[in-house]
Amino acid sequence: MWVVQTTLPGEWIEAEVGAWSSELVEKGFAACVQRDRITSVYSWDETTQSSEEWRLVIKTNADSKDLLIETILSNHPYRTPQIVAWEASSTPGYSDWVQG
Amino acid sequence: MWVVQTTLPGEWIEAEVGAWSSELVEKGFAACVQRDRITSVYSWDETTQSSEEWRLVIKTNADSKDLLIETILSNHPYRTPQIVAWEASSTPGYSDWVQG
Amino acid sequence: MWVVQTTLPGEWIEAEVGAWSSELVEKGFAACVQRDRITSVYSWDETTQSSEEWRLVIKTNADSKDLLIETILSNHPYRTPQIVAWEASSTPGYSDWVQG
């Protein structure tokens, strides 16, 4: 299975983030989407900036990972969304559930 | 070292999650258990559902990882707990501490 | 790209954590530093302890990873800071941005 992370703008209300997450689940690209709020510090336009954001941590299977990332990119409000992905192991029970 | 994640029901009060985490540490299967609260979106019974949960991120060593996961499974209130595990590197100082 | 995690004392005010994070970005060792608050359970001095902490999740590139960790160690208030690092993949757009 794979863990895929992205962020969404902190100005989005919870219902918008919920709807955006549900779409990934309903299309079958994500087994589970967890969200929480973070503060990000980064460099942009040669100055250090700080933003409130939603962090989304998504579990998916190897077959769906590329489609999931394509869907995130095409639905995302940022020009260069943060996408971070890594492979992980699990128990047989949870892996079966993520395989769908 | 390994990072192992699971979730617990959001209805649990903080003291219950603390006691559940302490048991993993006291049995020697976990070097450290970090918790925070998340909202999860997932598919269950063919509908998309959303729940508040506790997220537990556990650091352990390679020798204890399988026993840790067995202990989580046997103590867990869910029939199919979320278990996600991946290997990570560290500094010599912190690795020594996780080796215990 | 690499994901590197550490924690800072929960007693630090947000401005201190922000300044500490900005320094990593301004020195060019971190593309992005995300923070949130967690509760940690761990064993210390043979008792189980619990602390509020800041969790920092840092994205960096392979060339900067070792310098980033050295800088964290030399700036860190703990004698044995938690350092957890793993390699991750990304999209070409975000990878380019992390390469700097």
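Residues numbered from 1 in each chain as written. Chains lettered and ligands numbered in written order. Predicted model: local features only at pLDDT ≥ 70, side-chain atom pairs only at ≥ 80, totals over all residues. Heavy atoms only, no water.

Participant: Tell me what's going on with the interface of chain B and chain A, and back it up with residues and numbers.
Facilitator: Where interface size is given, it is often the accessible area lost as the parts come together that is meant. Taken together, the contact pairs 23 residues of chain B with 25 residues of chain A. Contact between chain B and chain A buries roughly 1800 Å² in total, counting both sides, with carbon and sulfur atoms accounting for 55%. Of all residues in chain B, the largest losses of buried area upon contact with chain A belong to Thr39, Val41 and Gln82 of chain B, amounting jointly to 28% of the total for that side. Inspection of the region where chain B meets chain A yields one salt bridge. In this structure, Asp36 of chain A engages Arg55 of chain B in a salt bridge whose closest nitrogen and oxygen atoms are separated by 2.6 Å. Across the contact surface, chain B and chain A share nine residue pairs in polar contact (both at pLDDT 80 or more). Mapped onto the side of chain B that touches chain A, the elements with two or more residues apiece are strand E1 (2-9), strand E2 (32-44), strand E3 (47-60), helix H2 (65-75) and strand E4 (84-87) of chain B. Here four bridges tie strand E2 (residues 32-44) of chain A to E2 of chain B, and the two strands are oriented antiparallel to one another. Bridge pairing in E2 of chain B places Val33 of chain A opposite Val41 of chain B. (Contact = heavy atoms within 4.5 Å. Buried area = accessible area lost by both parts, 1.4 Å probe. Salt bridge = Lys/Arg side-chain N within 4 Å of Asp/Glu carboxyl O. Polar contact = N/O pair within 3.5 Å; in protein donor to acceptor, adjacent residues only side chain to side chain. Helix = DSSP H or I, 4+ residues; strand = E, 2+ residues; numbered from the N terminus. Pairing = 2+ DSSP bridges.)

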